[in-house]
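Structural overview
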Amino acid sequence: MKETKSYKVFKVVNVIILLLVVYITLFPFLNVVAQSFSGRAQIEAGQVTLIPKGFNVLTYKTILHDKTFWTSYRNTIVYTVVATFISIVMTTMFAYVLSKKRLIGRKFFTSLAIFTMFFNGGLIPNYILIKTLGMTNTIWAMVIPGAISIFNMLIMKSFFEGMPEELEEAASIDGSTTYGTLVRIILPLSKPILATMVLFYAVGNWNSWFGAFLYLDKSNMFPVTLYLRNLLAGATSGQSAGATAADDLTQIGANIKAVTMVLTVLPILMVYPFVQKYFVSGIMLGSVKQ
Amino acid sequence: MKQIIEVSKQTQELQVPIITTPKRSVVLKALKKDWQLYSLLVLPIIYLVIFKYIPMIGNIIAFRRFMPGGNIFGEEWVGFRYIQMFIGDATFWHVFKNTLIMSSLTLLVCFPAPIIIALLLNEVQSKKFKKFVQTASYLPHFLSIVIISGMILQLTASNGALNSLIEFFGGKPILFMQDANWFRPIYVGSEAWQTMGWGAILYLAALTNIDESLYEAAKMDGANRWKQTIHITIPGILPTIITLLILNIGSIMAVGFEKVLLLYNPLNYETSDVISTYLYRVGLQSSNFSYATAIGLFESIIGLILVYSTNFLSKKYTDNGLW
Amino acid sequence: MAKILKKLVFLVAIVTAISSLLAGCSSDKSTSSTASSAKGEGMKGYAVGKTFKADKPLTFTTMYNDAAWYPFNKDWLLWSEITKRTNVTLKQTVVPMSDYGQKRSLLISSGDAPLLIPKTYPGEESPFVSSGAILPISDYVKYMPNFKDKVEKWKLQPELDRLKQADGKYYVLPGLHEDVWPDYTLAIRTDIFAKNNIAIPKTWDEFQAALKKLKEVYPNVTPFSDRWSTSGAASPLGALLQYAAPTFGTVGGWGTTNYIQFDKDKGKFIFAGATENYKQMLQYFNGLIKEGLMDKESLSQSDDTAKEKFVSGKSFVISSNSQEIVAMRDSMNKTLGEGKFSIAKIDVPGGPKGNVIAGSRLENGLMINAKAKDDPHFKELLQFVDWLWYSDEGQELAKWGVEGTTYKKENGKRVLMPDVNFLGLNPAGKKDLRVDYGFGTGSFAYGGTTDLLQSTMSDEEIKFQGSMHQNKKVLAADPPYPMESVDQEQATLLSTPLTDMVKQNTAKFILGTRSFSDWDAYVSELKAKGMDKYVDLVNKAYKEYKKKSN
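Residues numbered from 1 in each chain as written. Chains lettered and ligands numbered in written order. Predicted model: local features only at pLDDT ≥ 70, side-chain atom pairs only at ≥ 80, totals over all residues.

Attention now moves to the overall build of chain C. The helix and strand tally for chain C stands at 18 helices and 16 strands. Each of the three principal axes of chain C carries a C-alpha extent, and together these read 75 × 65 × 65 Å. Looking at chain C residue by residue over its 550 residues, the buried ones come to 50%. Considering only contacts within chain C whose residues lie at least 6 apart along the sequence, 75% involve residues at least 24 apart. (Helix = DSSP H or I, 4+ residues; strand = E, 2+ residues; numbered from the N terminus. Buried ≥ 20, exposed ≤ 12 C-beta atoms within 10 Å, placed from the backbone. Contact = placed C-beta atoms within 7 Å.)

As a further point, take the overall build of chain B. Looking only at helices and strands, chain B has 16 helices and 0 strands in total. Against the 2.2 N^0.38 benchmark of 20 Å for 323 residues, chain B shows a C-alpha radius of gyration of 27 Å, more extended than a compact globule. Projected onto its principal axes, the C-alpha coordinates of chain B cover approximately 95 × 65 × 30 Å. Of all 323 residues assigned to chain B, the portion counted as buried reaches 39%. (Rg over C-alpha atoms; globule rule 2.2 N^0.38 Å.)

This next bit is on helix H1 (residues 5–36) of chain A. Residue and element names in this part refer to chain A. Here H1 spans 47 Å end to end across 32 residues, near enough to the 46 Å set by a 1.5 Å rise per residue. At Leu-26, H1 shows its largest bend, some 25°, and a proline, Pro-28, comes one to four positions later. Buried within H1 are the following residues: Leu-18, Val-21, Thr-25, Val-32, Gln-35 and Ser-36. (Expected span 1.5 Å × (residues − 1). Bend = angle between axes of the 7 residues up to and from the residue.)

Our focus in this paragraph is the interface of chain A and chain B. Contact with chain A, which involves 70 residues of that partner, is made by 63 residues of chain B. Elements represented by at least two residues in the side of chain A that touches chain B include exactly H1, helix H4 (67–99), helix H5 (106–118), helix H6 (123–132), helix H8 (150–161), helix H10 (178–189), helix H11 (191–207) and helix H14 (247–276) of chain A. Sorting elements by how many residues they give to the side of chain A that touches chain B places H1(A) first, with 13 residues. Looking at the side of chain A that touches chain B, its residues break down into 46 nonpolar, 19 polar and 5 charged. (Nonpolar A, V, L, I, M, F, W, Y, C, P; charged D, E, K, R; others polar.)

Its 28 residues give helix H10 (residues 180–207) of chain B an end-to-end C-alpha distance of 40 Å, which sits within 8% of 40 Å, the value for a rise of 1.5 Å per residue. Taking the largest bend as the criterion, H10(B) deviates by roughly 40°, centred on B:Met196.

Turning to the environment of B:Gly88, a few remarks are in order. Structurally, B:Gly88 can be placed in the loop between helix H4 (81–87) and helix H5 (90–110). Of the residues examined, B:Gly88 has 10 C-beta atoms within 10 Å and is grouped as exposed.

Here we come to the interface of chain C and chain B. At the junction of the two partners, chain C supplies 46 residues and chain B supplies 35 residues. Secondary-structure elements contributing two or more residues to the side of chain C that touches chain B are helix H1 (2–26), helix H3 (100–109), helix H10 (303–311) and helix H16 (485–511) of chain C. The biggest single contributor to the side of chain C that touches chain B is H16(C), with 12 residues. Split by residue class, the side of chain C that touches chain B holds 18 nonpolar, 22 polar and 6 charged.

We now examine the packing of H11(A) against H10(B). Taken N-terminus to C-terminus, the directions of H11(A) and H10(B) make an angle of 165°; their axes are 9 Å apart at the nearest point. Overall, the two elements H11(A) and H10(B) adopt an arrangement that is roughly antiparallel. The handedness of the crossing between H11(A) and H10(B) comes out as right-handed. Residues A:Pro192, A:Ile193, A:Thr196 and A:Leu199 of H11(A) form the contact with H10(B), whose participating residues are B:Ile201, B:Leu202 and B:Ala205. In terms of residue class, the contact of H11(A) with H10(B) is built from 6 nonpolar, 1 polar and no charged. (Axes fitted to C-alpha atoms, helices over the stretch in contact; angles between N-to-C directions. Parallel < 35°, antiparallel > 145°, perpendicular 65-115°, else oblique. Left-handed = near helix turned anticlockwise from the far one by under 90°.)

What follows covers the nonpolar core. A general trend in soluble globular proteins is that nonpolar side chains are found buried together. B:Tyr203 and C:Val385 are the most contacted members of the largest nonpolar core, which totals 276 residues. Looking at this core element by element, the count peaks at 13 residues for H10(B). Once residues within four sequence positions are removed from consideration, B:Tyr203 is found in contact with B:Pro114, B:Ile115, B:Ala118, B:Ile237 and B:Thr240. (Core = buried A, V, L, I, M, F, W, Y, C linked by C-beta atoms within 7 Å.)

Residue and element names in this part refer to chain C. Taken in spatial order, the 3 strands line up as S8-S5-S9 in an open sheet, and their pairing is antiparallel. Only two strands of the sheet have a single partner each, and these edge strands are strand S8 (317–320) and strand S9 (343–345). Each strand of the sheet is rotated relative to its neighbour by a mean of 30°, with strand direction disregarded. Both strand S5 (residues 185–189) and S8 contribute to a ladder of 4 bridges, which runs antiparallel. Following the sheet pairing, Thr-185 is matched in S8 by Ser-320. (Pairing = 2+ DSSP bridges.)

Moving on, we come to unusual backbone geometry. Residues and elements named next belong to chain C. Of note, the phi angle at Lys-119 is positive, near 55°, even though the residue is not glycine. Here Lys-119 shows up in strand S3 (residues 116–120). In this structure, Tyr-259 is a non-glycine residue whose phi angle is positive, near 60°. Examined against the element boundaries, Tyr-259 turns out to sit in the loop between helix H8 (238–244) and strand S6 (260–263). According to the C-beta neighbour criterion, Tyr-259 is buried, with 27 such atoms within 10 Å.

What follows covers the domain arrangement of chain C. Residue and element names in this part refer to chain C. Taken domain by domain, chain C comprises domain 1 (37–178 + 359–450 + 472–480) and domain 2 (185–358 + 481–549). Listed by partner, the interface residues are 13 residues for domain 1 and 18 residues for domain 2. Per-class residue counts for the side of domain 1 that touches domain 2 are 5 nonpolar, 4 polar and 4 charged. (Domains from an automatic or database assignment.)

Here we come to the confidence of the model for chain B. Low pLDDT marks regions whose predicted coordinates should not be analysed in detail. Residues and elements named next belong to chain B. Mean pLDDT over chain B works out to 85, with 93% of the residues at or above the 70 mark. Taken element by element, chain B is modelled with least confidence in helix H1 (residues 2–18), mean pLDDT 43, and with most confidence in H5, mean pLDDT 93. Every residue in residues 1–20 scores below 50 in pLDDT, and together they form 1 contact with partners more than four places removed in sequence or on other chains. (pLDDT = per-residue confidence, 0-100.)

So, on to the environment of C:Ile343. Residues and elements named next belong to chain C. Position of Ile-343 among the secondary structure elements: in strand S9. A tally of 21 C-beta atoms within 10 Å means that Ile-343 is categorised as buried. Taking the C-alpha atoms as reference points, Ile-343 and Ala-274, separated by 69 residues in sequence, lie 36 Å from one another. In this structure, Ile-343 is in contact with Ala-187, Ile-188, Arg-189, Thr-190, Ile-325, Met-328 and Arg-329, ignoring residues within four places of it in sequence.

Residue and element names in this part refer to chain C. One ladder, built from 9 bridges, connects strand S1 (residues 58–66) with strand S2 (residues 88–96); its direction is parallel. The residue bridging Phe-60 from the neighbouring strand is Leu-90, located in S2. For the segment spanning S1, helix H2 (residues 77–86) and S2, crossover handedness is right-handed. (Right-handed = clockwise from strand over helix to strand, strands pointing away.)

Attention now goes to the pairing of S3(C). Residue and element names in this part refer to chain C. For S3, the buried fraction is high: 5 of the 5 residues fall into the buried class. Here S3 runs beside strand S11 (residues 362–368); their pairing, made up of 3 bridges, is antiparallel. Within S11, the position partnered with Thr-120 by the bridge is Gly-365.

Turning to the confidence of the model for chain C, a few remarks are in order. All names here are of chain C. On average, residues of chain C score 86 in pLDDT, and 92% of them are at 70 or above. Per-element confidence in chain C is highest for helix H9 (residues 276–290), whose mean pLDDT is 96, and lowest for H1, whose mean pLDDT is 51. Overall, residues 21–34 carries pLDDT values under 50, and its contacts beyond four positions in sequence, including any with other chains, amount to 10 contacts. On the interface metric, ipTM, the complex scores 0.85, and its pTM is 0.83.

Time to look at the environment of C:Thr185. Residues and elements named next belong to chain C. Looking at the secondary structure, you find Thr-185 in strand S5. For Thr-185, a count of 23 C-beta atoms within 10 Å corresponds to the buried category. In this structure, the C-alpha to C-alpha distance between Thr-185 and Phe-316, residues 131 residues apart in sequence, is 14 Å. Those residues in contact with Thr-185 that lie beyond four places of it in its chain are Tyr-243, Ser-320, Lys-345, Ile-346, Asp-347 and Val-348.

Okay, here's the thing in structure tokens:
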């Protein structure tokens, strides 16, 4: 089909706009990466833009040589994988059930879920609950309290509701059970939303430190975000112990924020391309006659 | 006396299977037939009850005086004391107004932005370019709040990029962070920058669900790309848009605490101070959990009302809703 | 199905609520008047100069403030040495320093706090007093000979009295300093001052004249660009006003949280933010701004931006402390070149009310869980705390470590062992005093004799301390005004908007966006926000306190 001239113009303008978007989002990020490799003096004098100046990897070295850093990184990976898995299973179950119009009490259960988005008990009751359940200082305190994000669940639910009912009817006529329909028909068709949810939950779990702070008091169980947050607080606190600061300490203080960010983001950046694969269009929906 | 009560209890129990309401038998039948479906409910509901509803009892301290270190449910009933306290607190209403305004502005700007980005990306033909732009666009989401506020302060400094631009065009440098009028634009602008790429992901996923054949049919009918967008693309992702809109409106009381805390200063309190930062300063002087909880309940109720009414309106006019 | 579930939820909720309420009711509240004697035998003959040693091995739980620079290590020499000398093993609840205060508050509020709660600054114990969760330690200091000894020797009782709550007792064991330890002041480019024959200013007037001269020589430079307006406890020119205010006879910046000041002549508290003295201080700094001597952005820029200006030579004066002066010097060695500049801290300039500094000799210390009272080894606990935190031996152990392993004494001076480094004092050392051994950390090593304190200071800093002690008079601390919890609730709600208003207008008056002819209008605005009501509450509490202590 021939494209109209105005569409051609639009396409050019579109590219320009998107390049602008890239500029304002990529540039600050690269600036931070550059700072993470730069020397303190240059950073404080404002000389660093996109390229590291006064190349310095002291902060990286200090952190990467710290055993605690690696322990906490391992912790984060474990917590993220387990938590994301549990969350995906629970959320998919919940979203699927609530998307079925034939469910009795559907409105009630959905309200039950939405209500919890607005009301929570606060830090102290939550802490006491976890403590009473004996979950403090265990991995369960990290993966269960946040298992279902109602926000995510509702989004999944709306996706499931958008799937044609004929698919399920065809399946049940063929004698498929509910479980079977869910696993063999619905899920394969839901790859984009599943991928999105995996991404959301994984990133959320990766960045979370608050649960760890609340429920863990053994430092060898801390996730890396808590470790880095603590590092940041220590490096930037104005507490002077009445003694001179070493050259090292101040170098680290200058770009600890940048280094922290790079170390936190790196794994996600590496994982994201794999997730992007699933945002593939045109999956079989055209095969069902409306 | 006891015996009589027990006997009558027994007769009541005996009566139940005989006089069943139609609803009850329908329920039992459905449960038996569709047990697999209902079984999927069990774990999530248990989760909700234990981890969400039981802690909610803690909110009772909004009506009882709570002393840190004492009984977690408060020491004594004080009725509406704390509610009256915040109703009569002029500063509270000021920050309440600020919270609403800030949230509404954020909604106005940051809600359409990801949609637009997703639609623009959708028009890009080169897969590589599309991937590149998408990846770059969500990078700000990963910058920590501390870094972002540092960037904003640097950007708006008298020798920062913004003022360099202004001076280039012959203007005088503006001390942005000292002027209360600039806070909202700066806050909302940086929010948009931070969230538009990440928010687009969801819409991009939704876009993949749209049937390709619809576009083919429209092209044959002579519709141009713009008409296609209006009549196919947008309706195609409308359920997602509506869901997110309702949820965002519901969370209108939740303005990002940490970001405001890092950006505000006494010179712009007038527009920057929101409920969470105000409570933070109050809390620094005396940990009045009860007061904070009372305000929290107030915010929750508002959120709930907003969600219900938005959902109601949306169902009425667009047939889409949360439930 | 739905109905049954609904009932179930309701039932669970009610049961939990009722049982917790009942449990709450039956928990015993400490009645302060009776239990003033400690359980347990205590060590026989424990006194000043004696190392505490328990008769049999004991374990006490404690919170530990984990700083990421020296992550908690259960194998530290610190722990084993403490156990060796005292027979006490500490069981730590590790909390990251980034959120220590919040976790501490959470643990105490949920009844789960350890027995010892260190790293608590005076004032931070107040919210927990009325519930009885924290021990009224003043009742038990009679079992702590080292603490009492230092309080007497250094005449700290008036400052301790400041910590008393409404019931006349105090609830926190502060760290004790022999002398006030001033840190924040102005840092200047001494080379530029010298080049232009400008003498080091000793008063604020001299300071203004010096800046003027600098402006004449360098018309394109705004000589004074300050920091610490946005970081820490956010207050415009927080550090600067903190050390300047006493010289103007008032309080300000970080030096106050509620602008309440004691007027010795009137014998009652006043609201400093509305006084003539405060106005004069603001007028002084406004003068600096008006004449282009002080950078307007000082009031809102980030510390990084302010430092950038100083470090790259775009400004010549900035507020500083002992850590920052060294850090800035290091940066400038790279940006301006070593030997091409020199910077130093100067004594805080004197003002209309003289050469005075405010400061407390109380430092962060610890709180003790009220449950400790019921521990059969309560007395031993008190003596242990007394030894570790207040005895010379305990303090030296906490700060320097073990003689022969981490440090040795040369000519009466403490010197690190050759292979041990601490904050750059011994760069050749491969091991770090804190990271590898656990000494010199933030939970135990605070306060103490001036000699001990200065043992880890640089020569430059020691010179500064000496000069300040010689030339400045330390103002007496204000008396306390502990409030009942009901009054405290109201007071907080009044004080927060008042403090906000003072901070806002401090900035506006200094910047000149509000003219001083508006001062009376400003005071009326404060009145309208409840200033008089607040001051009345403060004075009411003060009168009650005076009655009780007489």
